[in-house]
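Below, each chain spelled out in residue letters.
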Amino acid sequence: MSASLSRPRVGVWLIGARGSVATTVVTGCAAVTAGLHPPTGMVTETPAFTDSRLPALSDLVFGGHDTLDCPLPKRAESLTAGGVLPAGVATAVASELAAAEREIRPGGPTPGDTRSDAELITAFTDDIRDFTHRHELDRTVVVNVASTEPASREAGAPLPASTLYALAALRAGCPYVNFTPSEGMNHPVAAREAQLSGLPYAGRDGKTGQTLLRAVLGPMFAQRALRVRAWSGTNLLGGGDGAALADPAAAAAKNAGKERVLADTLGTVPEGEVHIDDVPALGDWKTAWDHVAFDGFLGTRMVLQTIWQGCDSALAAPLVLDLARLTARAHEAGLSGPLGALGFYFKDPVGGGPSGLAEQYEELVRFARSLGHTEGTGEAR
Ligand SMILES: NC(=O)c1ccc[n+]([C@@H]2O[C@H](COP(=O)([O-])OP(=O)(O)OC[C@H]3O[C@@H](n4cnc5c(N)ncnc54)[C@H](O)[C@@H]3O)[C@@H](O)[C@H]2O)c1
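Residues numbered from 1 in each chain as written. Predicted model: local features only at pLDDT ≥ 70, side-chain atom pairs only at ≥ 80, totals over all residues. Heavy atoms only, no water.

**Concerning the environment of V43**
At step 1: Summarising the element assignment, V43 is placed in the loop between helix 1 (20–33) and strand 2 (60–66).
At step 2: You can call V43 buried: its relative accessible area is 15%.
At step 3: Spatially, the C-alpha atoms of V43 and D130 are 31 Å apart, while their sequence positions differ by 87 residues.
At step 4: Discounting chain neighbours no more than four positions away, the residues touching V43 are F49, D322, F344, Y345, Y361 and L364. (Helix = DSSP H or I, 4+ residues; strand = E, 2+ residues; numbered from the N terminus. Buried < 20%, exposed > 50% of the residue type's maximum accessible area, 1.4 Å probe, protein only. Contact = heavy atoms within 4.5 Å.)

**Some thoughts on the site of the ligand**
At step 1: If you check the shell around the ligand, you find 27 residues, and the closest are V21, D66, A146, T148 and Y165.
At step 2: Note that a nitrogen atom of the ligand is positioned 3.2 Å from one of the backbone N or O atoms of D312.
At step 3: Here the ligand loses 92% of its free accessible area of 850 Å² to cover by the protein chains.
At step 4: Breaking the shell around the ligand down by element, the ones donating at least two residues are helix 1, strand 2, helix 6 (161–171), helix 9 (239–245) and helix 11 (312–332).
At step 5: Its residues placed into classes, the shell around the ligand shows eight nonpolar, twelve polar and seven charged.
At step 6: Mapping the shell around the ligand onto the domain boundaries places at least three of its residues in each of domain 1 (3–205 + 314–379) and domain 2 (210–311). (Near = heavy atom within 4 Å. Polar contact = N/O pair within 3.5 Å; in protein donor to acceptor, adjacent residues only side chain to side chain. Areas by Shrake-Rupley, 256 points an atom, 1.4 Å probe, with all protein chains shown as cover. Nonpolar A, V, L, I, M, F, W, Y, C, P; charged D, E, K, R; others polar. Domains from an automatic or database assignment.)

**Here's the deal with the sheet that holds strand 10 (residues 301–311)**
At step 1: The four strands are arranged 8-7-9-10 in an open sheet whose pairing can be described as mixed. At either end of the open sheet lies a strand with only one pairing partner, and these are strand 8 (274–278) and strand 10. Recorded for the sheet is a direction-independent mean angle of 10 degrees between the axes of neighbouring strands.
At step 2: Bridge analysis of strand 7 (residues 227–237) against strand 8 gives five bridges, and the strand direction is parallel. Looking at strand 8, one finds that L236 is bridged to D277. (Pairing = 2+ DSSP bridges. Axes fitted to C-alpha atoms, helices over the stretch in contact; angles between N-to-C directions.)

**Quick notes on the UniProt feature "domain: Myo-inositol-1-phosphate synthase GAPDH-like" (unreviewed entry) in the protein chain**
At step 1: According to UniProt, the "domain: Myo-inositol-1-phosphate synthase GAPDH-like" (unreviewed entry) feature falls on residues 209–313.
At step 2: Annotation note: span residues 209–313, helix share 40%, strand share 36%, distance between end C-alpha atoms 11 Å. (UniProt positions renumbered as here; feature names shortened; annotations may be inferred.)

**A word on the sheet that holds strand 3 (residues 104–106)**
At step 1: Spatial ordering of the open sheet is given by 3-2-1-4-5-6-11, a layout of seven strands whose pairing is parallel. The open sheet has two edge strands with one neighbour each: strand 3 and strand 11 (337–338).
At step 2: Bridge count between strand 1 (residues 10–15) and strand 2: six bridges; the pairing is parallel. Bridge pairing in strand 2 links V10 to L60.
At step 3: In the packing of helix 5 (residues 117–134) onto the sheet, contacts are made with strand 1, strand 2, strand 3 and strand 4 (139–144), and the angle to strand 2 comes to roughly 160 degrees.

**Considerations on unusual backbone geometry**
Only a minority of non-glycine residues have a phi that is not negative, and only a minority of peptide bonds are not trans.
At step 1: Cis geometry marks the peptide bond from G108 to P109, where omega comes out at -5 degrees.
At step 2: As for its position among the elements, P109 is in the loop between strand 3 and helix 5.
At step 3: Going from G203 to R204, the amide bond is cis rather than trans, its omega being -15 degrees.
At step 4: Assignment of secondary structure puts R204 in the loop between strand 6 (200–202) and helix 8 (210–223).
At step 5: Backbone geometry places R53, a non-glycine residue, at a positive phi of 60 degrees.
At step 6: One non-glycine residue with positive phi stands out, namely A225, at about 55 degrees.
At step 7: Within the fold, A225 resides in the loop between helix 8 and strand 7.

**Some details on the layout of surface pockets**
At step 1: Estimated volume of the second largest pocket: approximately 380 Å³.
At step 2: Of all the elements in the fold, those that place two or more residues in the lining of the second largest pocket are helix 1 and helix 11.
At step 3: In terms of residue count, helix 1 provides more of the lining of the second largest pocket than any other element does, seven residues in total.
At step 4: For the lining of the second largest pocket, a count of residues per class yields 15 nonpolar, five polar and no charged. (1 Å grid on protein atoms, 1.4 Å probe; cavity = no way out; pocket = protein on both sides within 12 Å on 5 of 7 lines; lining within 4 Å. Points joined across faces, edges and corners; volume = space filled by probe spheres on them.)

Here is the structure:
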């Protein structure tokens, strides 16, 4: 299918293509490809991945769905004004942003949308297929970076949008990554189809800040035999993600993943909760506090506090690029089912695997090595 035999070209179809993370992905990929910035934060650009036969960043082609119509170059302008993108970069990669913008199709369902679930799935599938064929791509990876959906749904409710897109990905024959806590491929309807599809998929919910720290500190307390009594966290953030997570049901989906990491690494569930506060003035900049109360020798009481101040999209975008490349290569190698070895990237990994970051990294590197040795047999892992 590819125009080039030696360099597979890979589509990256972003659900939520005009959001902060997606805009940073497209801008960052073009800026790194052009040599304007080093690939800081991209794990797949480190030596352990050199022989994994991953697609080159210059061979990624972007498109996607969104329900908003603010053009990508305008989104990049406002991210520049907010300090998320460095000055001048969006202008330097204006033609790449315009090319991606031309490949964004209307998403759904929008308010008042009268299309049935089946009609929406068909429309999304057609858009993804058309993109893949017109660009003569070897494959397209569908990545969900759309707004987080509420966690719980009533029985008989329509399928969540993230699941409609996951089903469209399956029907278009595409590997799939869920970077959000939304249900997506985890919905029972999609999970059944996914099992039969022979496609690889990964998720859920990128691990970029507070949970990343928890995946390092949890094992430390357990390995040093220190007893954690309580672990409490608060997050302040703005931007589209902050607004979406102001809905308690959406925040519940996010917090479940954060708390799961502690239960898995500590072996017990400590007291304490996680809160997310929407502070629009902060934009994409997040502050996350953790307060850990623990006991030492002879029950001596101690406290660890951490403060994480991060720019959410700058943390997420390199991981999305990593995941698109790894999942594309897994598909090329004939792998199918949940890619548990990508748990390093997620709060709530599909396919099981360890929860501590160090073990997850080892597993990822093993997987990357096996990708280098696999042609198309589906044996890697
Ligand atoms: N940035 C991080 O560090 C991080 C970490 C983990 C997960 N995430 C998740 O990534 C997602 C994106 O974050 P963001 O900061 O870019 O948010 P954002 O609000 O800037 O972007 C979300 C985009 O999704 C679009 N959208 C909403 N519903 C849609 C639908 N039905 N179809 C198509 N598009 C739709 C919105 O119009 C918007 O453009 C969120 O779910 C967030 O929780 C982000």
